[in-house]
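As a plain string of letters, each chain reads:
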Amino acid sequence: FGIEMTAANGRCRHCGAEGLVAELRVYTRAPGAVARCPKCGQVVMVLVEIRDQVHVDTRGLELL
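In this text, all values refer to a predicted model and were calculated from it rather than measured experimentally.

A. Region of interest: the overall build of the protein. Per the secondary structure count, the protein includes zero helices and seven strands. Shown N-terminal to C-terminal, the secondary structure of the protein runs as helices and strands in the order β-β-β-β-β-β-β. Relative to a compact globule of 64 residues, whose C-alpha radius of gyration would be 11 Å, the protein shows 11 Å and is just as compact. The principal-axis extents of the C-alpha atoms in the protein amount to approximately 35 × 25 × 15 Å. Looking at the protein residue by residue over its 64 residues, the buried ones come to 20%. In the protein, of all internal contacts separated by at least 6 residues, the share reaching a separation of at least 24 is 31%.

Quick look at the structure:
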């Protein structure tokens, strides 16, 4: 992601919308954080902490 993750550009795999990671809608009412595309609402990124390790799933991002 570089020095500042929120400044990285990405593209939603579901609808093709492009934008900054900072523009994703993040929901934290779960064991981790879920980031959704602001255009289509699909999940693009999931962050979970397991045993002091942060795991990031970016399957919803086509381009980063």
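Moving on, there is more to tell.
B. Geometry of unusual backbone geometry. Although it is not a glycine, R51 sits at a positive phi angle of roughly 50°. Take R51: it is sitting in the loop between β5 (43-50) and β6 (53-57). In this model, D52 sits at a positive phi of 65°, which is unusual for a non-glycine residue. Relative to the helices and strands, D52 resides in the loop between β5 and β6.

C. How the structure looks around the pattern of salt bridges. Within the structure shown, the criterion is met by three salt bridges. The partner of E62 in a salt bridge is R11, and the shortest N-O contact between them spans 2.8 Å. Of the two residues, E62 sits in strand β7 (residues 61-63) while R11 sits in strand β1 (residues 9-12), which places them 51 residues apart along the sequence. Residue classification places E62 among the partly exposed positions, given a relative accessible area of 41%. Judged by its relative accessible area of 23%, R11 is partly exposed. Its salt-bridge partner being R59, residue D57 comes within 2.7 Å of it at the nearest N-O pair.

The rules behind the values
Residues numbered from 1 in each chain as written. Predicted model: local features only at pLDDT ≥ 70, side-chain atom pairs only at ≥ 80, totals over all residues. Heavy atoms only, no water. Helix = DSSP H or I, 4+ residues; strand = E, 2+ residues; numbered from the N terminus. Rg over C-alpha atoms; globule rule 2.2 N^0.38 Å. Buried < 20%, exposed > 50% of the residue type's maximum accessible area, 1.4 Å probe, protein only. Contact = heavy atoms within 4.5 Å. Salt bridge = Lys/Arg side-chain N within 4 Å of Asp/Glu carboxyl O.

These values are about where atoms sit, not about what they do.
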